[in-house]
Amino acid sequence: SFSVAMIVEYLGRIQMVDLAIFNRLLPYVLRSFQKGVVRDFHVGGLMILGALVRKTTFSEPTVDMLFVSIAKMSEREVQEVDADRLLQMSLMVMVQITQEQDLKRFPEKAFKFIVKVKDLLAVLAELTKHFNTLKFMDLFVKMLVEHCMMNFHYEQLLLKLIETFPLKLHVELLTSKLLDLRLGMMAAASSQSCDVDIEELKSCQTVDRLLIAMEKYFPIEMSAVIAKYLQQSDDDKKSNRKSSIVKYLNKFFQGTLHVPMQKSNDILQLCPDHVEAQTGETADRQDNLSGQASVETNNSENAGYIPEPLLERQELVLSLMKRRRQFHIDSESSLHGKLSQQEVQLLKSLLQILLQHVDVLMSQNGASTVGDNTMDTLFDALNIGGGSLSDSAVLDPCKIALESLKAIIFDAFDTNTQNKLFQTLLTLYKSDNGEIRSAALSILRNISMNAMPALAYIENLISQEIDTLQSWDLSPGSTLVKFLMSVAGLLEFLVWKVDLIGRETLVTHLFKLLKKLLLLRRSDKTYDKGNKEFQAGFTNVAYVQQLVLAVLESILDSDVGKCIDSMEQLFDIELLVHYIDTELDTSTRNHTLTLLTKLAKLFPDCVLNHVLRVFSILGERTIIQDDSHSHYVMIQLVSAVVPGWLAKGNMPSKLLQIFVEALPQIPVCRRISFVTHILKVMNEGESLHAFLLLLFRSSLSESQTRKCSQKGSRSSKSEACSKLDSDAWPLDFCRELCEQYPPRIKFPAFVNLLINIQSDLKNSASGDCRMNEMLCLLQKNTMDFVGNQLQQSDLHSKFEKEENVMAFEEILVSLMEQVLQILGDRSLQVTNLSLETKKYVHDSAYTLLNLLIDLIPSTMFANSVVHLLKHSEPNIKRKVLQLISLKMKGDDKPVGNSRRKRKPSGNLRKEVVAHSQGCIESYGLMVSEITRVLMDSGEKGSLKLKLAAISALDICAKNFARKLPDTFVSSLSIVILNLQSGRALTLASLHCATSLISHLGASVLPILPDVVTELIKVSQKNAFASDEKEAIDCFNKKFSDTKLDILFMCLAALEAIANKLGSFLNPYLQDIVNLFVLHPVLNSNPDGVLIEKAANVQTVFAEKIPARLLLDPLVGTYDMAIEAGESSMRSFFHILSVLVRTLDRPSVTLYYRRIFDVCLAAFGLRCRPPTSISYITDIETRAISVFTGLALKLSESTFKPLFVMLQEWADSEVSDSKDIAATWTINRNIVFYRVVNQLADKLRSIFVPYFHYLLNGCIYHLSKSQEASFNKQKKRTKLTTEGVKREQIQKGLTGSEWHLRHLIISALYKCFLYDTIGFLDASRFQLLLGPIVYQIIVEPASEINASVAEGNSFRTREAIPSISEVDETLTLCLGQMAITVGTDLLWKPLNHEVLLCTRNESVRARRLGLDVVKFLMEHLKEDYLILLPETIPFLAELLEDSELTIVAKSQDIIKHLENLSGESLSQYL
């Protein structure tokens, strides 16, 4: 409300609200929350409270009171419409209060009300997304936790809150509260008796359920909260709180992530089967021995001294190790000698002591102080041989030994020990036991060593006889398996041991190993058979080969490999190439290629000599692999090798040919990325066109070329030569490849591609026919491809992204010039090329040109045209001119013989209408050059050249004529010189002249006389016909299309002149009007096209040329138009009607009388119809239309005299012969009443008063006896109904009298229809009633009856209305007469007179009378019931009529009367 708005606005302006203002506003706010208050009052109170909360401090009772009021209101209004918005607003205010006020606790009473609100949590969740509700939710959650034990509803609400609400920020509060409650319950339960309290148990279950829900929905947050809770319990030193928490959490969260972790040994050692429980005594002895050994070792003054107890233990260890080796490692399987579990534990303890002691000695004094027995014991413990890895006697000593080696200094051992230890660790590294393998790997990774042990190991492996390995015994422990596993272990170590000192010394031996593996690989049965067991261990030959190559790569990658100059000589390139050639395994070949790539980067010269051989091999092998790694390896090799190879001066085409030949075998998904990378490496500007040329050559199959060169049917040649094979992949690949490059790269390549092909064609022009055919097809296919590239939908956006657009535009011009050079090249004219081939090349060239001219910017295009029009070859100049036309208008018609339709794509730049000055100047030069070509008529093929020049001027005029008027006027003066040439040149010149005139406008004035004179001459020459009959005969004899076309274009040119220069045509108007009106050819074309054009031009002339200039020439042709025939008269009145329509008020005053005289003369044609006009009515209608149009522009004072004059003209005597005079009078009155009808239609109620002058004439012509002779009465007497009834009709009416009466009845109907001034009063009603009703019983004209039998042939000359037309008009007239008079006093005589007609002998009279009665009944409705008593007797008589149609109409009327009256009339019939 207004008061709320004022309060809120006031509160917004002040900084603080004092107590007085607050006390005044508080009652208002509280009252707004009460029951029975409208919704707007609630909202207003919330708005005020929201404004108050930041301006003042509320007391705690005030907050409680406000919260309670808002909560009650929310609970109460929850069922109302749009309750969610009010609830949302209420909660927002509560949230605001909690944020702004120091609120410690959520008001309890308000809480009990608010939790009952429906959809509370949903609204709160939505608010939380947009507002800070943290404090509010903390208070709410605390209150909810406190009350959840009291009421199941609160528990369910809290569970729903946990499940649906974003509570992440409140998890700590909620969890802590719940844990405090639960621990309090536990403490209370422990202090009480053993009796179970049911309520306490329910409370515990409630807390448990809530904690379970928290753990389900917030597991991560719960972990952090529990950890923090436990930490706080650790800090609490006053109680044993933590033990209670841990106990509860262990019980409650058992099986989840939140259980507190304790040391596993505390639990595990309680198990009686545990190892430490069984060997407790041994462990104690071990501790004692360890302590004694430490003391003795530390107190020893001689570092090499070994105490006696230790030696005794060594003997015990040796004894136990011997039994281990004999009964657990070797093949003996006697259970009697095997170590027991206690002995195994004792052995482990002794080994730990012994090897720990050895490690200590080694770390102080070196390995020399360690006895042979100790080292033997170490190696013996490391030996697991063929023992079972599930046997603790085998496995555990090895683990202890490996553990003791983690801190050794490898270089401290002698060479033999190093070699032995290294080989032993490699053997363990290949163990099947994961712990052993991991421990060995850890030692190998951490020890610092040089390459000598590895070198010695490789030499040992190489020295093995190849024959012993080729047995291919794949069983475990066989020589081959051991060999491969040893080699694999060594090589894997070398791969990841990158810090091995002196790795480069291994290169030579690694290549020796590679040769040895190559020999093995040739007979590797697993490669073909795929032995799963053998390959599963990764020990087959291929894997080992890959490891060798990987080690060599690793050496090259190291800084050492890059720094040694002699490293290049160590690598056997020939062996690597041999590997590439012979290796069948893809991974091995890829490793070889990777190594070769790295060699090429470091030592390029060593690889260049093998480039072609390598890529030839790869074209058959690696390139065709469908995996990403092979693809990557190949790309890297190309990047490393090709640049250096090209730098040596090698031709890129040699290398590209290899890739093109291999391309069909390359997986489709890999082709593009592979080729684009190759071209990038080879520089796209130098290689793209060469690659495309090779692809296009490959697309021409031998069969296609052979078909084109063979002598055969035309269809076979066409099928072979017209296009690329639809199944040929190179074309599709070329398209996809070019999509990868921007225009600045690919279009220069297209230019170079065409240049290369053209050069090849010139060089072989006189050579082999087959080669020429192939080159021509290659040229055609290339141009088709470039055209397709130009038609890309996103080409323009790519152009605009180019940094140097001008440079690219120049490329397009170069491309266009190159195509024109192809068209003008005489090499295409050599005799050994088939006509089909030449045709296809030309078609492709034209199609490409169509596309290019649409892309080249206007300025650059114009400059190019000026240059090309100076070419010596007329054919080239003609093509350039045709390109101009297409460039300007962008139509879809191709030039030349191309049957393809060009898809316009718009200019490269978005050119606007306002061209730059530079562009205008360029086009001016171009237009001048085109005009020069047009003037030159001596060249060979000048006709086609002139046609092209005129077409170019035509289209240029539409774009630049207004900006270059002088240039185009000069062109027009040349164009009109060709109007008297042949048909094609004349038509083109007329079209161009029309366009120039339309765009130049007043600039044509200096040469207007020449232009108009030439146009009139051409028009008269082609429009000759002596009369209309001759013109129709010409058309029936297929009048020359040439003349029709030329006439049509002449009319278009004259139309353009009238539009632009109409006021300057006065000297030529008489000739032009004579052309329009008097030449029947322009008005008698059966097709109607020329007539329509002539009518349009006539309209333009009448509209654009002032009446003061046009009226005299037009009126002067009237008499000649009558002699010329109907078509000329139609043209005459068409021009006159448009002229009248466009007259302004001063012109109407000046020329209306002259126009009226012309119309009046035309009205008289009905009395004396000329022989040249067969259908007077049409001409009469046009004259009436002109007069009506003129009347609409006249004032009443001017129109009334003309109308009276027209009426007097209709009634005037024109002959002494009574018969002739009567006929003329009727004909004139026909025209007069036709005018009256049209004036009534146009003027409506305005014309009704003029019927005052027409009543006597209407009554006279409607009432005149048909047997009476014509006697002119200067003063006619009034006729009564009785007098009419006494007249006897001896014979039917004439056709003219029938026509006249119909017109009079129609005019009276319109008078009654538009009478809004009360013209039809009682006296006029009585005067007109008899004559009008009399027409019901009048017999139709005898001519109409005759026309039914003769097929209306007489109507070709006159449009006499039919009986049905007259009957319909008469019915409307009598009906409207009754409606207009609007009183039953006059309805009765009308109804009576009409009913009397139903007793006439004429069926037409009876039927027409019933039609009138029905019309009255339908339109007067209930008012007609007054006339019912009089009507029923007549209807009763008619029900017995002999004519069934009369009976049916009577029955229909009776049915409608019964519906109106609501009762049956059968009792009265």
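This structure is a prediction, so every number in the text was calculated from the model and none was measured. (Residues numbered from 1 in each chain as written. Predicted model: local features only at pLDDT ≥ 70, side-chain atom pairs only at ≥ 80, totals over all residues. Heavy atoms only, no water.)

### Notes on the overall build of the protein
Here's step 1: Counting secondary structure elements, the protein contains 75 helices and 0 strands.
Here's step 2: For the protein, long-range pairs separated by at least 24 residues make up 77% of all intrachain contacts whose partners lie at least 6 apart in sequence. (Helix = DSSP H or I, 4+ residues; strand = E, 2+ residues; numbered from the N terminus. Contact = heavy atoms within 4.5 Å.)

### Here we look at the pattern of salt bridges
Here's step 1: Scanning the entire structure with this criterion turns up 36 salt bridges.
Here's step 2: Among the salt bridges present, the one from Asp732 reaches Arg735, with a minimum N-O distance of 2.8 Å. Taken together, the positions of Asp732 and Arg735, both in helix H42 (residues 729–738) and 3 residues apart, correspond to about one turn of that helix.
Here's step 3: Residue classification places Asp732 among the partly exposed residues on the basis of a relative accessible area of 43%.
Here's step 4: One salt bridge connects Asp1452 with Lys1414, and the closest N-O pair in it is separated by 3.1 Å. (Salt bridge = Lys/Arg side-chain N within 4 Å of Asp/Glu carboxyl O. Buried < 20%, exposed > 50% of the residue type's maximum accessible area, 1.4 Å probe, protein only.)

### Observations concerning the side chain of Glu155
Here's step 1: Along the chain, Glu155 falls in helix H9 (residues 152–164).
Here's step 2: At 2.7 Å, the side chain of Glu155 forms a polar contact with the side chain of Arg209. (Polar contact = N/O pair within 3.5 Å; in protein donor to acceptor, adjacent residues only side chain to side chain.)

### Focus on the nonpolar core
Here's step 1: One finds Phe615, Phe1133 and Phe1163 to be the most contacted residues of the largest nonpolar core, which totals 372 residues.
Here's step 2: By residue number, the principal contributor to this core is helix H56 (residues 1041–1061), which donates 12 residues.
Here's step 3: Excluding residues within four positions of it along the chain, Phe1133 makes contact with Tyr1118, Val1158, Ala1162, Ile1179, Arg1182, Ala1183 and Val1186.
Here's step 4: If you look at the next biggest cluster of nonpolar residues, it comprises 82 residues, including Leu66, Phe113, Leu127 and Leu139. (Core = buried A, V, L, I, M, F, W, Y, C linked by side-chain atoms within 4.5 Å.)

### Comments concerning the environment of Glu108
Here's step 1: Secondary-structure assignment places Glu108 in helix H6 (residues 108–114).
Here's step 2: Considered as a pair, Glu108 and Asp64 are 44 residues apart in the sequence and their alpha carbons are 8.3 Å apart.
Here's step 3: Ignoring sequence-local partners within four residues, the contact set of Glu108 consists of Met143 and His147.

### Remarks on the confidence of the model for the protein
Here's step 1: Predicted confidence across the protein gives a mean pLDDT of 77, with 76% of residues reaching 70 or more.
Here's step 2: Scored below 50 in pLDDT, residues 891–914 shows 62 contacts in the model against residues more than four places distant or in partner chains.
Here's step 3: Under a pLDDT of 50 for its full length, residues 1266–1290 has, in the predicted model, 31 contacts with residues more than four places off or in other chains. (pLDDT = per-residue confidence, 0-100.)

### Re the packing of helix H39 (residues 684–699) against helix H44 (residues 769–790)
Here's step 1: In contact at an axis separation of 10 Å, H39 and H44 are set at 120° when each is read in the N-to-C sense. In this view, H39 runs oblique relative to H44, as classed from their interaxial angle. Crossing of H39 over H44 shows right-handed handedness. Across the interface between the two elements, Leu693, Phe696 and Arg697 of H39 pack against Met774, Leu775, Leu778, Thr782 and Phe785 of H44.
Here's step 2: Among the residues making up the contact of H39 with H44, the classes are represented as 6 nonpolar, 1 polar and 1 charged. (Axes fitted to C-alpha atoms, helices over the stretch in contact; angles between N-to-C directions. Parallel < 35°, antiparallel > 145°, perpendicular 65-115°, else oblique. Left-handed = near helix turned anticlockwise from the far one by under 90°. Nonpolar A, V, L, I, M, F, W, Y, C, P; charged D, E, K, R; others polar.)

### Topic: the packing of aromatic side chains
Here's step 1: Overall, the coordinates contain 33 aromatic pairs when judged by the stated rule.
Here's step 2: Both rings, one in Phe1203 and one in Phe1232, keep their centres 5.6 Å apart while their planes meet at 40°; by these two values the pair is tilted. Note that Phe1203 is positioned in helix H64 (residues 1196–1211) and Phe1232 in helix H65 (residues 1218–1243), a separation of 29 residues in sequence. The pair formed by Phe1203 and Phe1232 is uniform in burial state, with each residue classed as buried.
Here's step 3: For the ring pair Phe1232 and Tyr1233, a centre distance of 5.1 Å and an interplane angle of 75° mean the geometry is edge-to-face. When sorted by exposure, Phe1232 lands in the same class as Tyr1233, which is buried.
Here's step 4: One aromatic cluster is present, formed by Phe1199, Phe1203, Phe1232, Tyr1233, Phe1247, Tyr1250, Phe1251 and Tyr1253 through successive ring pairs.
Here's step 5: Across the ring face of Phe379, the terminal group of Lys420 is positioned such that the distance to the ring centre comes to 4.5 Å. (Phe/Tyr/Trp six-rings, centres within 6.5 Å; stacked < 30°, edge-to-face > 60°. Lys NZ or Arg CZ within 6 Å of the ring centre and 35° of its normal.)

### Points about helix H38 (residues 668–681)
Here's step 1: Between its terminal C-alpha atoms H38 stretches 21 Å, which fits the 20 Å expected from 14 residues at 1.5 Å a residue.
Here's step 2: When we look at burial in H38, the residues that qualify are Arg670, Arg671, Ile672, Phe674, Val675, Thr676, Ile678, Leu679 and Val681.
Here's step 3: Among the residues trailing H38, Asn683 stands out with phi positive, at a value near 70°. (Expected span 1.5 Å × (residues − 1).)

### Here we look at helix H3 (residues 39–52)
Here's step 1: Between the first and last C-alpha of H3 there are 20 Å, a value that for 14 residues agrees with the 20 Å anticipated at 1.5 Å per step.
Here's step 2: Those residues of H3 that fall on the buried side of the exposure criterion are His42, Gly44, Gly45, Leu46, Ile48, Leu49, Gly50, Ala51 and Leu52.
Here's step 3: On its buried side, H3 packs onto helix H1 (2–13), helix H2 (19–32), helix H4 (60–76) and helix H5 (83–100).

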